Amino acid sequence: MDPIVTKIHNWMENIVNNALMPGSKLHAFASPIIGFARGDDPLFLFLKEDIGPAFYWTPEDAFKSAFPGKKIQPEELSVIAWILPQTEHTRIAHGKETTMPCKEWSCARHYGEKVNEKLRRYVVNHFLKQKIEACAPVLLPEWSRAISDKYGFASSWSERHAAYSCGLGTFGLSDGLITSVGKAVRVGSVIVNKQFQPTPRDYTKHHQWCLYHAKGKCGVCIKRCPAGAISEKGHDKTKCKEYIRQVTALYVEQEQLGFKVNSCGLCQAKVPCEKINPTLRIKEEMKDKSY
Ligand code: SF4
Ligand code: SF4
């Protein structure tokens, strides 16, 4: 195991780094999982072409934004991505809600994302101290939101697509990333001028771990969404955004934290993919039945 994996685990175990809110004794996130991809993985070029050739970054594009003038070949770079699972405490509380996020979820969305941001800086600094260039694409000033002709709301670098490329999971009907520890997660990534062993991608299709796409059944997230933003056709980003901006963010301000937070994620809890890859469970059940 590369030392960076242990470093990330140790950093996340420390409540000082990973508190649900300042002063809380509860962790924001459970133990992370970490994956690697080569900078010249053809998937990155495919994503650029597919999402938006004019704005979407390959690892090389992002690295060159951070280190202009530095001569680099894509194969010299690696992407490191991590999954930060919501804690059991947060997942259980969130699963009881039907229209508004629980307070723990809103804290993980706000303070937890600050943990994720600090983790990105920690990993980048870990390499910079060794004179190895590294950057966190979403923290670069050049990172921006954009509109994809094909997918609507998008950005220069997607953490979920980075994690997908690093073998950490596939997408669900609701657009969330279903990982081996489920879909109730947050995601982060950095790019490093160093080669790592890539993590095998245990899938060939981008929706492979979603029960609806794999088996033609489930759709529990459709019922969980109070905004009607998920259907058998997928995730309506506009409806989702409107519900969050016009309903839940105001609720968080008035009833929970005193300021607006884009918190919802009801489609990530009390669903079969909340804390596992549900297609794996079906395989296991089928194996059991064959005995
Ligand atoms: S709840 Fe079911 S249909 Fe929705 S993303 Fe999860 S596995 Fe797919
Ligand atoms: S985040 Fe909320 S509004 Fe958006 S799809 Fe999920 S449940 Fe629906």
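None of these values were measured; they are calculated from a predicted model. All residue numbers refer to position in the chain's written sequence, counted from 1. Going through the entries in the order they are written, you letter the chains from A and number the ligands from 1. Given that this is a predicted model, residues contribute local features only at a pLDDT of at least 70 and side-chain atom pairs are listed and counted only at 80 or more, while totals for whole chains, interfaces and linings are drawn from all residues.

Draft legend 1. Molecular detail of the overall build of the protein. Along the protein, the regular secondary structure elements total 10 helices and 10 strands. Just to be clear, the radius of gyration here is over C-alpha atoms, and the globule rule we use is 2.2 Å times residues to the power 0.38. Its C-alpha atoms give the protein a radius of gyration of 19 Å, near enough to 19 Å, the size a compact globule of 291 residues would have. Its C-alpha atoms give the protein principal-axis dimensions of about 50 × 50 × 45 Å. The 291 residues of the protein split such that 44% are buried. Restricting the contact set of the protein to residue pairs at least 6 apart, pairs at least 24 apart contribute 70%. Strands are runs of DSSP state E lasting at least two residues, helices are runs of H or I lasting at least four, and both sets are numbered from the N terminus onward. Residue burial here comes from a neighbour count, namely the number of other C-beta atoms, placed from the backbone, that lie within 10 Å of the residue's own C-beta, with 20 or more meaning buried, 12 or fewer meaning exposed, and in between meaning partly exposed. Note that contacts rest on C-beta atoms placed from the backbone: two residues are in contact if these are within 7 Å.

Draft legend 2. Main features of the site of ligand 1. Should the C-beta atom of a residue, placed from the backbone, lie within 6 Å of a molecule or strand, that residue is near it. Taken together, 14 residues sit near ligand 1, with Gly172, Cys210, Cys218, Cys221 and Cys273 positioned nearest. Listed by contribution, the elements that provide at least two residues to the shell around ligand 1 are helix 7 (211-215) and helix 8 (220-224). Put simply, Ala, Val, Leu, Ile, Met, Phe, Trp, Tyr, Cys and Pro go in the nonpolar bin, Asp, Glu, Lys and Arg in the charged bin, and everything else, Gly too, in the polar bin. Considered class by class, the residues forming the shell around ligand 1 number 11 nonpolar, three polar and no charged.

Draft legend 3. Quick peek at helix 2 (residues 42-51). What helix 2 keeps buried is the set Phe44, Leu47 and Ile51. Down the axis of helix 2, the buried side of the element spans an arc of 60°, and every buried residue falls inside it. Every exposed residue of helix 2 that faces more than 90 degrees away from the buried side is listed here: Pro42, Phe46 and Glu49. Contact partners of the buried residues in helix 2: helix 3 (59-66), strand 4 (145-148), strand 5 (152-155) and helix 6 (159-165). Arc definition: it is the arc formed by the directions from the helix axis to the C-beta atoms.

Draft legend 4. Looking closely at the environment of Leu43. Structurally, Leu43 is set in helix 2. Under the C-beta neighbour-count criterion, Leu43 is labelled partly exposed, with 17 such atoms within 10 Å. Linking Leu43 and Gly112, residues 69 residues apart in sequence, is a C-alpha distance of 29 Å.

Draft legend 5. Main features of the nonpolar core. Definition of nonpolar core: a set of buried Ala, Val, Leu, Ile, Met, Phe, Trp, Tyr and Cys residues joined via C-beta atoms within 7 Å. Core analysis: the largest hydrophobic core is formed by 69 residues, its most contacted members being Ala81, Ile83, Ala163, Val190 and Ile191. At seven residues, helix 5 (residues 103-129) tops the list of elements feeding residues into this core. The contacts of Ile83, once residues within four sequence positions are left out, are Pro32, Ile33, Ala163, Leu168, Thr179, Val181, Val185 and Val187.

Draft legend 6. Region of interest: the pairing of strand 5. By the bridge criterion, four bridges tie strand 4 to strand 5 in an arrangement that is antiparallel. Bridging from a neighbouring strand, Ser148 pairs with Gly152 of strand 5. Two strands qualify as a pair provided DSSP detects at least 2 bridges between them. Hairpin connection from strand 4 to strand 5: three residues lie between these consecutive antiparallel strands.

Draft legend 7. Region of interest: the site of ligand 2. In the vicinity of ligand 2, 14 residues are found, and the nearest of them are Cys225, Cys240, Cys264, Leu266 and Cys267. A total of three residues in the shell around ligand 2 trace back to one element, the largest contributor, which is helix 9 (residues 237-256). Class assignment for the residues of the shell around ligand 2 results in 10 nonpolar, three polar and one charged.

Draft legend 8. Inspection of the packing of helix 4 (residues 88-95) against helix 5 at higher detail. Where helix 4 contacts helix 5, the axes come no closer than 8 Å and their chain directions differ by 125°. Judged on the interaxial angle alone, helix 5 and helix 4 are oblique. Facing helix 4, whose interface residues are His89, Thr90, Ala93 and His94, helix 5 presents Glu104, Trp105 and Ala108. Of the residues in the contact of helix 4 with helix 5, the class split is three nonpolar, three polar and one charged. Each axis is a line fitted through C-alpha atoms, taken for helices only over the stretch in contact, and angles between the N-to-C directions span 0 to 180 degrees. Roughly parallel here means an angle under 35 degrees, roughly antiparallel means over 145, roughly perpendicular means 65 to 115, and every remaining angle is called oblique.

Read these as layout, nothing more, since geometry by itself doesn't imply function.
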